[in-house]
Number of protein chains: 2
Amino acid sequence: MTDWPPPPVDQVRTDSVKQPHHPMSVTTTLIQSGSLARRERQKAETRQSILDAARDLFVADGIEATTMRAIASKIGYTATAIYHHFRDKDTLIEELCVADFTALGKAMYKIGRIEDPVERLRTLGTAYAEFALANPSQYRFMFMTQQRHGPVDSDGRPTHKPDEDAYQFVFQTVSEGIQAKRFRPELENPHELAQMMWAGVHGVVSLWLTHADDPYIDWHPPLDTIRSMVNVMIRGALRQPTQ
Amino acid sequence: MTDWPPPPVDQVRTDSVKQPHHPMSVTTTLIQSGSLARRERQKAETRQSILDAARDLFVADGIEATTMRAIASKIGYTATAIYHHFRDKDTLIEELCVADFTALGKAMYKIGRIEDPVERLRTLGTAYAEFALANPSQYRFMFMTQQRHGPVDSDGRPTHKPDEDAYQFVFQTVSEGIQAKRFRPELENPHELAQMMWAGVHGVVSLWLTHADDPYIDWHPPLDTIRSMVNVMIRGALRQPTQ
């Protein structure tokens, strides 16, 4: 962090765009481009460490209680410096949501192409858990805290909605299964079935993320428990269990 | 809160105990007893409002971020006043755990007498969820936050352990079911089975407690979902499902 503070961002950009391109200035431009690339990389790295610090503090202390000053202080910056990178706390939260959504979206993308809805559901459960266990901070932030203060559109709906996307995916999958008469008649409310399936996987993940250090629980590897959970829930929900 | 601050507690107690009992003082003693009872009631009420405020702030902002000053301020007291009732933050957390444990313990007590382990498990799941939904703040505090800083004994184990008790209960129940060959052979690790059953119920409760206000989920009544979850998990886990 020895290069802090970076040069004013607007000035760097203006230099590189407005520099006239005549032969004598090629070398100068290349040097400036190298310098610009380095600065852009540093800027991206700084933004990333701010985002990481913010996510950790939001999870540990709550979004409301976390100030921009505390985020800056966690990585050794002044409160003023952090505002070079994020206009305000809402902007920061917004970028955090977008980044985390992308990571989860990638995990779900391939699974959408599995044709059989029951097998899609089975694979989704495991992949969702793998994402959660590999990204505990993001998972805590997205699924284990109340996010009342994220950015909303004019109807008051969240503009970035990783949990909505995850929910719609499982809802769509169980709905197809219900239409194909795969599930028991008493489970044909797709909302209940989707919420149940989501909750089963979420339950293992979230207990693990809050209680993994507790000395009194002899933890079974959580990913194994997830697989058993998904198999048990699907077997218990199907009209004709395959095994 | 107009009677704040109360008289020093030691002085009140000393008065009532050491007052000599001769005929002339009976009336005086009765009046003092009435006054004492009123003061004790006020003291208990004050302690309760401190505990309630503390629990709310711990859940909202995290245990670490919550100061005794913030707790006092939430109910209109000074930081000094709150130390009349709780020596320090650890003492306050300790009392909160004991109170919440008692509430959950009562819910589990009767269920322990159900002889059939599978039926005990089924009833436990619903009762646990009913407790959680009726006591969302306690549930969040006990099961949805990392409690690294509660009171511990000389071996570093928590001295008050509502979650350990809940876990031991479900562990004991599934162990009996496994011994009686009720569960499928691949599910005969009692730790995995206990963690799975606990997680299923915890998952519905905790998703509801964090996402109930989200506009995009058409929530099925959570207690109905819990019942379906418990039935589905038990059916999927049994060697010979009953229905």
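Throughout, a residue's number is its position along its own chain's written sequence, starting from 1. Here the convention is simple: chains get letters from A, ligands get numbers from 1, in the order in which they are written. Per-residue local features are limited, in this predicted model, to residues with pLDDT of at least 70; the limit for side-chain atom pairs, both in listing and counting, is 80 or more; totals at the level of whole chains, interfaces and linings are taken over all residues. Side-chain metrics rest on all non-hydrogen atoms present in the structure, leaving aside hydrogens and water.

**Thoughts on the overall build of chain A**
Secondary structure elements are defined from DSSP: runs of H or I of at least 4 residues count as helices, runs of E of at least 2 residues count as strands, and each element is numbered from the N terminus. In terms of helices and strands, chain A carries 10 helices and zero strands. Going from N to C terminus, chain A has its helices and strands arranged as α-α-α-α-α-α-α-α-α-α. In chain A, which comprises 243 residues, the proportion classed as buried is 46%. Contacts: residue pairs with any heavy atoms within 4.5 Å of one another. Taking as baseline every contact in chain A between residues at least 6 positions apart, the subset at least 24 positions apart corresponds to 65%. Here chain A displays about 12200 Å² of accessible surface, and carbon together with sulfur accounts for 52% of that area. For each residue, the accessible area found with a 1.4 Å probe, counting protein chains only, is set against the maximum for its type, and the residue is called buried under 20%, exposed over 50%, and partly exposed in between. Under the convention used here, a 1.4 Å probe and the Shrake-Rupley method define accessible areas, while residue burial counts only the protein chains that appear.

**A word on the interface of chain A and chain B**
Size of an interface, as often reported, equals the accessible area lost when the parts are brought together. Opposite the 54 residues of chain A that make contact, chain B presents 54 residues. Each partner contributes to the roughly 4400 Å² buried at the junction of chain A and chain B, and carbon and sulfur atoms together form 60% of this total. In terms of surface lost to chain B, no three residues of chain A exceed Gln195, Leu207 and Tyr216 of chain A, which account for 15% of the buried area on that side. Salt bridges are defined as contacts in which a side-chain nitrogen from Lys or Arg sits within 4 Å of a carboxyl oxygen from Asp or Glu. At the boundary of chain A and chain B, one finds two salt bridges. Between Glu186 of chain A and Arg235 of chain B there is a salt bridge, with the nearest N and O atoms lying 3.2 Å from each other. Counted as a polar contact is a pair of N or O atoms within 3.5 Å, where, for protein atoms, one must be capable of donating a hydrogen and the other of accepting one, and residues adjacent in sequence contribute only when both atoms are in side chains. At the junction of chain A and chain B, the tally comes to 17 residue pairs in polar contact (both at pLDDT 80 or more). Sorting the residues of the side of chain A that touches chain B by element identifies helix 2 (26–61), helix 7 (136–143), helix 8 (162–179), helix 9 (190–211) and helix 10 (222–237) of chain A as the ones contributing at least two each. Ranked by residues supplied to the side of chain A that touches chain B, first place goes to helix 9 of chain A with 15 residues. In this description, buried area is defined as the sum, over both parts, of the accessible area (probe of 1.4 Å) that is lost when the two are combined.

**Structural notes on the relation of the copies chain A and chain B**
Overlaying chain A on chain B yields an RMSD of 0.1 Å, the required transformation being a rotation through 180° with an accompanying axial translation of 0.0 Å. Each copy turns onto its partner about a two-fold axis. Mapped onto chain B, 100% of the interface residues of chain A again fall at the interface, so both copies present the same surface. Copy-to-copy superposition: least squares on the C-alpha atoms, limited to residues that have pLDDT of at least 70 in both copies.

**Focus on unusual backbone geometry**
A negative phi angle is the norm for most residues apart from glycine, just as the trans form is the norm for most peptide bonds. Look at Lys181 of chain A: it is not a glycine, yet its phi comes out positive at around 55°. Inspection of the secondary structure assignment puts Lys181 of chain A in the loop between helix 8 and helix 9.

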